[in-house]
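Spelled out from the first residue to the last, the chains are:
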Amino acid sequence: VRQPIIAIDGPAGAGKSTVTRRVAQALNLVYLDTGAMYRAIAWLVLQSGVELSDYGAIAELVSQAKLEFLPPFEGKPPQIYINGQDISQAIRTPQVTALVSPLSAQASVRAKLVAYQQQLGKKGGIVAEGRDIGTNVFPDAEVKIYLTASVQERARRRLLDFQAQGEENMSLEQLEHDIEQRDYLDSNRCLAPLRKAVDAIEINTDGLSIEEVIDKILNVCPK
Ligand code: C5P
């Protein structure tokens, strides 16, 4: 029998990463961070100096890129490589974050990454987080979750994350603005926009602890 696929979609900062990783661990399934893949392409585009509007050059860059996502292993965090280079840290900079949403609207980028994700999920047994997992990448996923939270709550969590990393110069207003901007772009693009799948279970995480969110998800997953 095929192992299940659990799809966890939702807007930026709703808590998907922590929750998805922990659900994968609890179910002993493979964790897949599809956002990291879009970020990897954004990093490559920044490195190359190609303009965002140069669709042809981006398509060329993407077609030649060798991408590898390694799930967490024995306590080591997940890693992402592009063309043999470990860029797991480099994909988290504000420059990459600012470029990733407009870039991920491009057809060449989505085609490449969706094919890679479907290849990784061919045999099932994964918990994947992203924006279009339940609607587009794995429309037959056994469980679909749509995680949300208010913009204020998501910005507040991001601020705490930054502060925990020793980054004190972020303002709540700026983070709210960035999140709204990314939500807008991700929800309004033509190709596979961020949407709750009709058969997804929506969980609003405002005021819920991580444990509570994980419990809610595990409750609807096949044992
Ligand atoms: O989840 P994360 O914030 O790392 O995602 C970065 C960006 O990658 C999103 O804002 C979105 O533009 C894009 N993305 C996407 N489809 C996915 C996952 C991420 O378009 N399945």
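Residues numbered from 1 in each chain as written. Predicted model: local features only at pLDDT ≥ 70, side-chain atom pairs only at ≥ 80, totals over all residues. Heavy atoms only, no water.

As for the packing of helix 1 (residues 16-27) against helix 9 (residues 210-219)
Using the following cut-off: Here an axis means a line fitted to C-alpha atoms, over the contact stretch when the element is a helix, while the angle between two N-to-C directions is reported on a 0 to 180 degree scale. Runs of E in the DSSP output that reach at least two residues are strands. Runs of H or I that reach at least four are helices, and both are numbered from the N terminus. Oblique is the label for any angle not covered by the other classes, which are roughly parallel (under 35 degrees), roughly antiparallel (over 145) and roughly perpendicular (65 to 115). What makes a crossing left-handed is the near helix being turned counterclockwise from the far one by less than a right angle; a clockwise turn instead makes it right-handed. A contact between two residues is defined here by any heavy atoms of the two lying within 4.5 Å. Side-chain classes follow a simple rule in which Ala, Val, Leu, Ile, Met, Phe, Trp, Tyr, Cys and Pro form the nonpolar group, Asp, Glu, Lys and Arg form the charged group, and the remainder, Gly included, forms the polar group.
One way to put it is that helix 1 packs onto helix 9 with a least axis distance of 10 Å and a crossing angle of 50°. On the basis of the axis angle, helix 1 is oblique to helix 9. Pair helix 1 / helix 9 crosses with right-handed handedness. Contacts between helix 1 and helix 9 involve Thr 18, Val 19, Arg 22, Val 23, Ala 26 and Leu 27 from the former and Ile 210, Glu 211, Val 213, Ile 214, Ile 217 and Leu 218 from the latter. Taken together, the residues of the contact of helix 1 with helix 9 sort by class into 9 nonpolar, 1 polar and 2 charged.

Some points on the sheet that holds strand 6 (residues 126-130)
How we decide: A pair of strands is treated as paired once DSSP finds two or more bridges between them.
The strand order across the open sheet built from 5 strands is 2-6-1-7-8, with neighbouring strands paired in parallel fashion. Both outer strands of the open sheet, strand 2 (30-33) and strand 8 (201-204), are each paired with one neighbouring strand and no more. Neighbouring strand axes in the sheet, compared pairwise and without regard to direction, differ in orientation by 20° on average. By the bridge criterion, 4 bridges tie strand 2 to strand 6 in an arrangement that is parallel. When the sheet's bridge partners are listed, Tyr 31 is paired in strand 6 with Val 127.

Points about the sheet that holds strand 5 (residues 85-86)
The strand order across the open sheet built from 3 strands is 3-4-5, with neighbouring strands paired in antiparallel fashion. Of all strands in the sheet, those with a lone pairing partner are strand 3 (67-70) and strand 5, marking the two edges. Contacting strand 3, strand 4 (79-82) and strand 5, helix 2 (residues 34-48) runs over the sheet at an angle of about 35° to strand 4.

Things to note about the site of the ligand
Under the convention used in this document: Being near a molecule or strand, for a residue, means having at least one of its heavy atoms within 4 Å of it. Under this definition, polar contacts are N or O atom pairs within 3.5 Å; protein pairs additionally need one hydrogen-donor-capable and one acceptor-capable atom, and for neighbouring residues in sequence, both atoms have to be side-chain atoms.
Not every one of the 15 residues close to the ligand is listed here, only the nearest: Arg 39, Arg 110, Asp 132, Asp 186 and Arg 189. Between the ligand and Asp 132, the relevant distance is 2.7 Å, taken from a nitrogen atom to a side-chain nitrogen or oxygen of the residue. Put simply, the parts of the chain that give the shell around the ligand at least two residues each are helix 2, helix 4 (94-103) and helix 8 (172-188). If one sorts the elements of the shell around the ligand by residue count, helix 2 sits on top with 4 residues. Class assignment of the residues belonging to the shell around the ligand gives a composition of 2 nonpolar, 5 polar and 8 charged.

Describing the confidence of the model for the protein chain
Where we set the bar: You can read pLDDT as the predictor saying how much it trusts each residue, on a scale of 0 to 100.
Chain-level statistics for the protein chain give a pLDDT mean of 96 and a share of 100% at 70 or above. This prediction of the complex comes with two scores: 0.96 for pTM and 0.99 for ipTM.

Things to note about the environment of Gln 25
Note the cut-off: Accessibility here uses a 1.4 Å probe with only protein chains present; expressed as a share of the type maximum, an area under 20% marks a residue as buried, one over 50% as exposed, and anything in between as partly exposed.
Tracing the chain through its elements places Gln 25 in helix 1. The exposed category is assigned to Gln 25, whose relative accessible area is 62%. Sequence separation between Gln 25 and Pro 72 is 47 residues; the distance between their C-alpha atoms is 9.3 Å.

Looking at helix 1
Heads up, the condition is: Helix span, as expected, comes to 1.5 Å for every residue beyond the first. Working note: the arc is built from the helix axis to C-beta atom directions.
Compared with the 16 Å implied by 1.5 Å per residue over 12 residues, the 16 Å span of helix 1 between its first and last C-alpha is a close match. Turning to helix 1, its buried residues number three or more, namely Lys 16, Val 19, Thr 20, Val 23 and Ala 24. Viewed along the axis of helix 1, the buried residues span an arc of 130°, placing them on a single side of the element.

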